[in-house]
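Analysis of the macromolecular model
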Amino acid sequence: MAPNSVVVTIDKSTNISLMEVNDPQTPVFLEKHKTSSTKQFSWRMLLKAQRVLMFFPWLAMGASRTFFSVKKRIERSDSRKDEVKYKELIIYRFIRAFLAISIVALLVELLVYFNNWDLNVIPNEFMGVLRLGFMSWVSFRGDYVAPFVTKLSEFCVLLFMIQSVDRFVLGIGCLWIKMKGIKPEIEDGVWDVEDLESFPMVLVQIPMCNEREVYQQSIAAACQLDWPKDRILIQVLDDSSDELLQILIRNEVNIWKEKGVNIIYRHRFVRTGYKAGNLHSAMCCDYVNDYEFVAILDADFQPNPDFLIQTVPHFKGKPDVGLVQARWSFVNKDENLLTRLQNINLCFHFEVEQQVNGHFLNFFGFNGTAGVWRIKALEESGGWLERTTVEDMDIAVRAHLNGWKFIYLNDVKVLCELPESYEAYKKQQHRWHSGPMQLFRLCLPAILSSKISKWKKANLIFLFFLLRKLILPFYSFTLFCVILPLTMFIPEANLPIWVICYVPVTMSILNILPSPKSFPFLMPYLLFENTMSVTKFNAMVSGLFQLGSAYEWVVTKKTGRSSESDLLAFAERESKSFNEDKIQRRLSESGLEMLGKLKETESPVVEIEKKKKTGFIGKNSRSLCYC
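Residues numbered from 1 in each chain as written. Predicted model: local features only at pLDDT ≥ 70, side-chain atom pairs only at ≥ 80, totals over all residues. Heavy atoms only, no water.

The cut-off we apply is this: UniProt positions are given in the numbering used here, feature names are shortened, and annotations may be inferred rather than shown by experiment.
An unreviewed UniProt entry annotates the protein as Glycosyltransferase 2-like domain-containing protein of Centaurea solstitialis. Under the UniProt heading Sequence similarities (unreviewed entry), the note attached to the protein is "Belongs to the glycosyltransferase 2 family. Plant cellulose synthase-like C subfamily."

Details of the overall build of the protein
Note the cut-off: Under the DSSP-based scheme used, a helix requires at least four consecutive residues in state H or I and a strand at least two consecutive residues in state E, with every element numbered from the N terminus. Partly exposed residues are those whose accessible area sits between 20% and 50% of the maximum for their type, while under 20% is buried and over 50% is exposed, using a 1.4 Å probe and protein chains only. Should any heavy atoms of two residues lie within 4.5 Å, those residues are counted as being in contact. Accessible surface area values rest on a Shrake-Rupley calculation with a 1.4 Å probe, where residue burial reflects the displayed protein chains alone.
Counting its regular elements, the protein contains 17 helices and 12 strands. Looking at the protein as a whole, 46% of its 627 residues are labelled buried. Counting contacts in the protein only where the partners sit at least 6 residues apart, residues at least 24 apart contribute 78% of the total. Carbon together with sulfur atoms contributes 61% to the accessible area of the protein, which is approximately 34100 Å² in total.

Re the nonpolar core
Threshold: Buried Ala, Val, Leu, Ile, Met, Phe, Trp, Tyr and Cys residues form a nonpolar core when they are joined through side-chain atoms within 4.5 Å.
Counting residues in hydrophobic clusters, the biggest one holds 89 residues, and the most contacted among them are Val204, Ile219, Phe307, Leu308 and Trp373. The greatest single-element share of this core, amounting to 7 residues, is contributed by strand E9 (residues 405-416). Counting residues in each nonpolar core, the second largest holds 20 residues, with Ala146, Tyr475, Leu479 and Val503 among its members.

Some details on helix H5 (residues 243-258)
For an α-helix, 3.6 residues make a turn, and residues three or four places apart therefore share a direction. This is how it is decided: Expected helix span is taken as 1.5 Å per residue step, with the number of steps being one fewer than the number of residues. Here a polar contact is recorded for every N or O atom pair within 3.5 Å, except that within protein the pair must consist of a potential hydrogen donor and a potential acceptor, and residues adjacent in sequence are included only if both atoms are side-chain atoms.
Under the 1.5 Å per step criterion, the end-to-end length of H5 is 23 Å for 16 residues, consistent within 8% with the ideal 22 Å. For H5, every residue scored as buried is listed here: Glu243, Leu244, Leu245, Gln246, Ile247, Leu248, Ile249, Glu252, Val253, Ile255 and Trp256. Residue Asp242 occupies the N-cap position of H5, its side-chain oxygen lying 3.1 Å from the main-chain nitrogen of Leu244.

Here we look at the packing of aromatic side chains
To keep it simple, the criterion reads: Working definition: rings of Phe, Tyr and Trp (its six-membered ring) pair if their centres are within 6.5 Å, and the pair is stacked with planes under 30 degrees apart, edge-to-face with planes over 60 apart, and tilted otherwise. Only lysine NZ and arginine CZ atoms are considered, and such an atom sits over a ring when it is within 6 Å of the ring centre and within 35 degrees of the ring normal.
This structure, assessed with the given rule, holds 19 aromatic pairs. Between Phe199 and Trp227 the ring centres are 5.1 Å apart and the planes differ by 90°, which places this aromatic pair in the edge-to-face class. Of this pair, Phe199 sits in the loop between helix H3 (129-180) and strand E3 (202-208) while Trp227 sits in the loop between helix H4 (215-223) and strand E4 (232-238), placing them 28 residues apart in sequence. The pair Phe199 / Trp227 is uniform in exposure class, with both members buried. Residue placement shows Lys469 over the ring face of Phe464; its charged tip is 4.5 Å from the ring centre.

Examining the UniProt feature "transmembrane region" (unreviewed entry) in the protein
The feature "transmembrane region" (unreviewed entry), as given by UniProt, occupies residues 52-70, 90-114, 460-489 and 495-513 in the numbering adopted here. Between the first and last C-alpha atoms of residues 460-489 the distance is 40 Å; the span itself is 90% helix and 0% strand. Annotated as residues 495-513, this span is 84% helix and 0% strand, and its ends, taken at the C-alpha atoms, are 27 Å apart.

A short note on helix H14 (residues 522-544)
Filter applied, for reference: The angle separating two fitted axes, one through the seven residues that finish at a residue and one through the seven that start at it, defines the bend at that residue.
For H14, with 23 residues, the first-to-last C-alpha span of 31 Å sits near the 33 Å given by 1.5 Å per residue. Roughly 30° is the biggest bend found in H14, and it falls at Ser533. With its phi angle positive at about 55°, Gln546 sits one or two positions after the end of H14.

Notes on the packing of helix H11 (residues 422-449) against helix H12 (residues 454-486)
Between two packed helices, the angle of one axis relative to the other and the distance separating the axes together describe the packing. To keep things clear, this is the line we draw: As a rule, the C-alpha atoms of each element are fitted with a line to give its axis, helices using only the stretch in contact, and angles between N-to-C directions run from 0 to 180 degrees. In these notes the angle categories are as follows: under 35 degrees is roughly parallel, over 145 is roughly antiparallel, 65 to 115 is roughly perpendicular, and the rest is oblique. Each crossing gets its hand from how the near helix is turned against the far one by less than a right angle, where anticlockwise is left-handed and clockwise is right-handed. Under the scheme applied here, ten amino acids are nonpolar (Ala, Val, Leu, Ile, Met, Phe, Trp, Tyr, Cys and Pro), four are charged (Asp, Glu, Lys and Arg), and all others, including Gly, are polar.
Look at H11 against H12: their axes get within 11 Å of each other, and the N-to-C directions meet at 165°. Here H12 runs roughly antiparallel to H11, going by the angle between their axes. Our pair here, H11 against H12, has a crossing hand that is left-handed. The residues of H12 that touch H11, namely those facing Pro436, Met437, Leu439, Phe440, Leu444, Ile447 and Leu448, are Lys457, Leu460, Ile461, Phe465, Leu466, Lys469 and Leu470. The class makeup of the residues in the contact of H11 with H12 is 12 nonpolar, no polar and 2 charged.

Details of the pattern of salt bridges
Counted only if it meets this: For this analysis, a salt bridge means a side-chain nitrogen from Lys or Arg found within 4 Å of a carboxyl oxygen belonging to Asp or Glu.
Throughout the structure, instances matching the rule amount to 15 salt bridges. Arg212 serves as the salt-bridge partner of Asp242, at 2.8 Å between the closest nitrogen and oxygen. On the criterion of sequence distance, the pair formed by Asp242 in the loop between E4 and H5 and Arg212 in the loop between E3 and H4 is long-range, its members being 30 residues apart. For Asp394, the salt bridge goes to Arg387, with nearest N and O atoms at 2.9 Å.

Things to note about the pairing of E3
Successive residues of a regular strand alternate their side chains across the two faces of the sheet. What counts, and what does not: Two strands qualify as a pair provided that DSSP identifies no fewer than 2 bridges between them.
The element E3 is extensively covered by neighbouring structure, given that 7 of its 7 residues are classed as buried. Alternating positions in E3 separate into two faces, Val202, Val204, Ile206 and Met208 on one and Leu203, Gln205 and Pro207 on the other, with burial throughout. Pairing geometry for E3 and E4, over 7 bridges, is parallel. What sits directly across from Ile206, in E4, is Val236. Pairing of E3 with strand E6 (residues 293-296) involves 4 bridges; the strand directions are parallel. Of the residues in E6, the one forming a bridge with Val204 is Ala295.

A few points about the environment of Val321
For Val321, the location among the structural elements is in strand E7 (residues 321-330). The exposure class of Val321 is buried, given its relative accessible area of 4%. Each C-alpha atom of the pair Val321 and Phe406 lies 5.8 Å from the other, and the pair is 85 residues apart in sequence. Those residues in contact with Val321 that sit more than four places away from it in its chain are Phe315, Arg374, Trp404, Lys405 and Ile407.

What to know about the confidence of the model for the protein
To keep it simple, the criterion reads: For every residue, the predictor reports its confidence as pLDDT, a number between 0 and 100.
Per-residue confidence for the protein gives a mean pLDDT of 78, with 72% of residues at or over 70. Within the model, the stretch residues 77-88 combines pLDDT values under 50 with 16 contacts to residues more than four positions away or in other chains. Below a pLDDT of 50 lies the segment residues 563-624, which in the model reaches 96 contacts outside its immediate sequence neighbourhood of four places, other chains included.

Overview of the side chain of Gln205
The topology assignment puts Gln205 in strand E3. A relative accessible area of 0% means that Gln205 is categorised as buried. Side chain to side chain, Gln205 and Gln235 meet in a polar contact 3.0 Å long. Once residues lying within four places of it in the same chain are set aside, the contact partners of Gln205 are Gln235, Leu237, Leu279, Ala282, Met283, Val294, Ala295, Ile296 and Leu297.

So, the packing of helix H10 (residues 391-401) against H11
Remark: H10 packs on H11, axes separated minimally by 11 Å, with the N-to-C direction vectors making an angle of 15°. Classified by the interaxial angle, the pair formed by H10 and H11 is roughly parallel. Considering how the two elements wind past one another, H10 and H11 form a crossing that is right-handed. Judged by residue contacts, Met393, Asp394, Val397 and Leu401 of H10 engage Pro436, Leu439, Cys443, Ala446 and Ile447 from H11. For the contact of H10 with H11, the class distribution of residues is 8 nonpolar, no polar and 1 charged.

A word on a nonpolar patch on the surface
The cut-off we apply is this: Patches in this entry comprise residues that are over 30% relatively accessible and not in a salt bridge; like charges within 9 Å are linked, as are nonpolar side chains (Val, Leu, Ile, Met, Phe, Trp, Tyr) within 5 Å.
A cluster of nonpolar side chains, Leu99, Ile103, Leu106, Leu107, Leu110, Tyr113 and Phe114, forms an exposed patch at the surface whose accessible area comes to about 770 Å². If you trace the backbone, Leu107 turns up in helix H2 (residues 90-115).

Here we look at unusual backbone geometry
One non-glycine residue, Asn210, lies in the positive phi region at around 55°. Along the chain, Asn210 turns up in the loop between E3 and H4. Of the residues examined, Asn210 reaches a relative accessible area of 34% and is grouped as partly exposed. Phi is positive for Asn362, close to 55°, though the residue is something other than glycine. Structurally, Asn362 is set in the loop between helix H8 (337-360) and strand E8 (371-374).

The structure is reproduced here in structure tokens:
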């Protein structure tokens with residue numbers, strides 16, 4: 001039974017009347033309850049309606065902001081003269097047209113599905129124009145489009161399986177090397193430490209171009225190499241276009257020169273040929289004839305002090321060895337998702353490809369840095385040429401054709417930096433995939449007419465160039481970015497599940513094995529590789545047919561992130577004592593003291609900049625080539 005309810009009515013404070021209600025169904029109680037319930041329900045509905053209506057303006061505002069931000073980014077990228085205008089390339093026009101056709105086809109398919117059109121029996125009555133067109137398309141795709149797509153898919157699957165077998169064989173070779181513990185060995189006591197004259201003369205080259213973020217750390221790392229100071233010379237090859245940066249780099253060189261390091265600064269007035277032209281110009285100096293080996297270190301590379309001790313001895317007693325290549329190690333591999341995915345590819349490249357090819361074939365592509373060349377090998381192979389954007393691969397192929405052997409050291413690692421932005425990475429990959437196709441066109445006659453064995457010729461043509469540089473980007477773009485989406489609209493051309501799922505996942509797992517910590521990123525890696533296949537295919541086509549974008553060279557943007565962790569390493573140089581044996585490293589200053597000294601050294605540069613703004617220093621005042 002419901003409890004008794006009492007309604008109290010107050011007219012005045014002195015006049016209070018009470019009325020007892022025993023039944024909750026009385027008209028007075030029902031009227032009060034109905035009134036309050038109706039008002040509450042109305043307010044609740046209005047509040048929910050307001051929230052629903054506010055969602056649409058919020059959604060529209062978010063979409064508009066995203067659209068305008070993308071538009072600004074595109075305009076900003078188009079306004080940069082030093083960047084490649086990818087939207088003007090044919091491949092991207094094809095992708096946009098393909099996307100538009102796919103959307104239209106999807107809308108038509110949805111219309112057919114919801115209208116329940118019978119596609120097996122054509123009615124006798126007159127059909128609509130849209131239905132007639134769709135029936136014509138179904139007949140056309142079954143007779144002509146589906147067979148073509150099927151043949152193309154079978155061809156791409158064949159290439160895919162060949163490339164998968166190549167990856168699998170490389171993996172087996174790497175496993176064999178690991179199980180047997182095979183490593184390049186050097187003789188004990190190669191040079192007498194007490195006799196400094198027994199050490200060979202080594203030239204260290206640091207090519208750079210507008211490397212404001214990393215020039216200090218690269219010069220410092222090279223100057224701290226453990227090698228007799230009378231047997232080493234460091235060349236800072238500066239191609240910077242910024243005069244203020246040139247002064248900063250020259251001051252940095254002078255600081256180390258005052259510490260007793262044999263180091264020179266070199267700048268070209270005519271900056272042609274990019275990195276190849278810079279290296280070629282440096283090798284033309286007369287004093288280079290006094291040196292036997294040359295170590296090349298890009299601006300963002302920081303070798304350990306024992307880099308030369310671990311690499312140069314491999315030349316002793318091996319007159320046919322022309323190159324000793326070290327492995328790259330990345331300081332920012334865990335910075336973001338992009339660097340993690342790059343680390344997967346590069347770890348497989350160094351751990352598997354370079355190591356297996358170096359052991360079984362004595363040949364691999366020079367990585368452009370972190371390597372030591374025998375100067376005689378460079379000279380006999382024609383030196384640095386400016387004909388492609390991959391001068392490192394060019395000199396490696398020509399040296400291999402001249403009979404020189406290469407040694408790869410997987411245990412010797414040199415610290416460097418990965419591109420942290422997608423734009424920088426995309427431009428780097430465009431250069432790395434267009435250059436090999438240019439080189440293939442130029443080197444094919446030389447390969448066919450060379451005196452190397454037929455097996456080495458076949459390896460260069462079919463494995464090194466065609467399979468890994470041409471077929472890989474071709475089939476990955478065609479199979480996964482064109483044929484696979486087409487099968488959604490062409491049911492007559494189906495791809496087997498093992499092509500779509502099993503084999504790609506297996507190959508991706510094989511690629512991730514050299515970097516086991518990257519297993520959580522397996523799925524993003526698969527999607528990322530499919531996305532980058534568009535850029536790689538476009539670069540391959542540009543290089544193969546010598547399009548304008550194939551000759552674009554954009555210096556990869558660096559952040560200098562490794563210098564933050566090496567602040568104390570920079571402080572060491574103020575307290576170094578140099579003896580005749582090697583440079584001794586010890587710590588004597590704190591980071592704050594070093595920062596104060598850096599400011600003192602940069603203060604004259606600030607004055608020079610002020611004079612430059614007032615007109616005392618001309619913008620075009622530079623020598624042809626000075627040291």
